[in-house]
Amino acid sequence: MHQQRLPPPTQSSKKRARLSTKQRRIRQLEKDAARRTFNGNGMNDSLPPLPVTQHSNVDGNDHAEEDDGAGFDTLFGHPYGALPYGNIHFASPPSSSSDVSADDRQPSSPSPSSWHPDKVRRDGLGPNLRQLNDEQLINILSFVDGPSLASGICCASKFLYVAGHHEELWRDLVLRRWGEVGFTVRDPHDTTEESGSSMQQKGATGCWKDIYAWNHQSLDDCTKRTTIKRHSPISIQGIYSDIFFRSWLCRSFALQPSWLSTHTVSSIPHSEMTTERFYKEYEQTNTPVLIKGASKTWPAVQKWTRDYLLSVASEKRFRATSGAAPLPAQFSLSDYLNYCDSSTEEAPLYLFDRTFATKCPQLLHDFDESLKSSCGWWDGDTAEFGHDLFGVLGEERRPDYQWLIVGPKRTPSERYAL
């Protein structure tokens, strides 16, 4: 019986193994550094893990790395490859010209003594712009129009590609151009418009650049408009920036469910609350209280599904805002729900509309009368101790007191009305 001999390892296989070992060592150093930083900022066992994301190995294949439960792999899953600036201390020069990708090769390869760990930024910005910090650079790019940003800035260098795709830049461009008149948002679940570039495509995300591109095309040119492909980020190695990394980390951080279920304010069932009790125990003493269970019988609780809301207010326009956005925006409800489905930004816009009862009276009818029934002590006209002082001003002069607030994750609230 003859034993089959395996062929000796080739030079390329040795190189891949060497790179894989080196990459694993660097990744472990990065995780250790992140863990030390996290511990130094008050980490304890009750803090939540960061969500685990997928990475690309040296062969270009995606895989979910094994993690120790602390979730630090997510710190290195930025869609454009950005890392916190402190990781620059782990950057190392290429060992030889063969380790440098074709895109990075220069006519004359730099010697190890002339190599700089922030090479991508230095070469990408040149001797003048690289004197600016990243926040100053973003401020300058905020004065660039959309076509120039997409076809000029983002194509100038690797670093400007990442900087030019900063989500807030494209959000502000959309709001300044179409915020007051309204804009459309493509349905992220619709895959009939294009082949191979749906939201399920590898790397595809919903972003403000997609919204800008979709609305930039003339509404009359539907054929040209439906050929627009959704943006798919390209990960760039060697990007070290706290500015680019922070906003992504804030929108990716996993909140511990217990954080949202912990209350330090006293609560009371609505059936036990009376106007007199509220007035004496809470209003006079200026004590906060959480009244529970009052909305269980409201029709809105059962009726306000996505299909129902679209049936009564699909094309109604509502005002949306955000603490991070420079301007408010006008959304139709259908466009806003599409926006919620595809939003990936740190602080998404949320509907905050004081005139919803005029625009869509049905929404108010779904809870107004039931509110007065289950919480009679709020009805100034019928409650024994009712004292609606704003009612003295009359409906024309009293402050706004009815609001529709709708928002996805990472906004101040989910769907409810005040």
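Structure's up top.
These figures come from a predicted structure and were not determined experimentally.

Draft legend 1. Examining the overall build of the protein more closely. Each helix and strand counted, the protein has 17 helices and 9 strands in total. Sequence separation of 24 or more characterises 68% of the internal contacts of the protein that already satisfy a separation of 6 or more. A total of about 25,000 Å² of accessible surface is found on the protein, and carbon and sulfur atoms cover 52% of it.

Draft legend 2. Summary view of the pattern of salt bridges. For the structure shown, the criterion picks out 9 salt bridges. We note a salt bridge from R277 to E281, for which the minimum N-O separation is 3.3 Å. Residue R277 and its partner E281 are both found in helix 11 (residues 275-283); the two are separated by 4 residues, about one turn of the helix. Taking the relative accessible area as the measure of exposure, R277 reaches 27% and is therefore partly exposed.

Draft legend 3. Summary view of unusual backbone geometry. In this structure, N286 is a non-glycine residue whose phi angle is positive, near 55 degrees. For N286, a relative accessible area of 69% gives the class exposed.

Draft legend 4. Quick look at the packing of aromatic side chains. In the structure shown here, the tally under the stated rule is 16 aromatic pairs. Considering the side-chain rings of F331 and Y336, the 5.3 Å spacing of their centres and the 75 degrees angle between planes classify their relative orientation as edge-to-face. Exposure class is identical for F331 and Y336. Each is buried. Pairing Y336 with Y339 gives two aromatic rings, centres 5.7 Å apart and planes at 40 degrees, and the pair type is tilted.

Draft legend 5. Just the pairing of strand 5 (residues 317-321), in detail. In this structure, strand 5 lies alongside strand 6 (residues 329-332), joined through 4 bridges in antiparallel fashion. Looking at the pairing, R317 lines up with S332 of strand 6. By the bridge criterion, 2 bridges tie strand 5 to strand 7 (residues 350-353) in an arrangement that is antiparallel. Residue pairing in the sheet places A320 in a bridge with L351 of strand 7.

Draft legend 6. Quick look at the packing of helix 13 (residues 306-313) against helix 14 (residues 333-342). Helix 14 packs onto helix 13 with a crossing angle of 150 degrees between their chain directions and a minimal axis gap of 9 Å. Packed against helix 13, whose contacting residues are R306, L309, L310 and A313, the element helix 14 presents L333, S334, L337, N338 and D341 at the interface. Residues belonging to the contact of helix 13 with helix 14 are distributed by class as follows: 5 nonpolar, 2 polar and 2 charged.

Draft legend 7. Main features of helix 13. Those residues of helix 13 not exposed but buried are Y308, L309 and A313. Taken end-on, helix 13 shows its buried residues confined to a sector of 100 degrees, consistent with a single buried face. Of the residues in helix 13, the exposed ones pointing more than 90 degrees away from the buried face are D307 and S311. As for helix 13, its buried residues are in contact with helix 12 (299-303), strand 5, helix 14 and helix 16 (361-365).

Draft legend 8. Highlighting the nonpolar core. F183, W208, F331 and L349 are the most contacted members of the largest nonpolar core, which has 64 residues in total. Ranked by the residues each element gives to this core, the list is headed by helix 6 (residues 167-178), at 6 residues. Aside from chain neighbours lying at most four places away, what touches F331 is F183, V185, W208, K316, R317, F318, A320, Y336, Y339, L349 and L351.

Draft legend 9. Expanded view of the environment of D353. Mapped onto the elements, D353 comes out in strand 7. Residue classification places D353 among the buried residues on the basis of a relative accessible area of 2%. Contact partners of D353, with chain neighbours within four places excluded, come to R317, F318, R319, K359, Q402, W403 and L404. A distance of 2.9 Å separates a polar side-chain atom of D353 from the backbone nitrogen of R319.

What counts as what
- Residues numbered from 1 in each chain as written.
- Predicted model: local features only at pLDDT ≥ 70, side-chain atom pairs only at ≥ 80, totals over all residues.
- Heavy atoms only, no water.
- Helix = DSSP H or I, 4+ residues; strand = E, 2+ residues; numbered from the N terminus.
- Contact = heavy atoms within 4.5 Å.
- Areas by Shrake-Rupley, 256 points an atom, 1.4 Å probe, with all protein chains shown as cover.
- Salt bridge = Lys/Arg side-chain N within 4 Å of Asp/Glu carboxyl O.
- Buried < 20%, exposed > 50% of the residue type's maximum accessible area, 1.4 Å probe, protein only.
- Phe/Tyr/Trp six-rings, centres within 6.5 Å; stacked < 30°, edge-to-face > 60°.
- Pairing = 2+ DSSP bridges.
- Axes fitted to C-alpha atoms, helices over the stretch in contact; angles between N-to-C directions.
- Nonpolar A, V, L, I, M, F, W, Y, C, P; charged D, E, K, R; others polar.
- Arc of directions from axis to C-beta.
- Core = buried A, V, L, I, M, F, W, Y, C linked by side-chain atoms within 4.5 Å.
- Polar contact = N/O pair within 3.5 Å; in protein donor to acceptor, adjacent residues only side chain to side chain.

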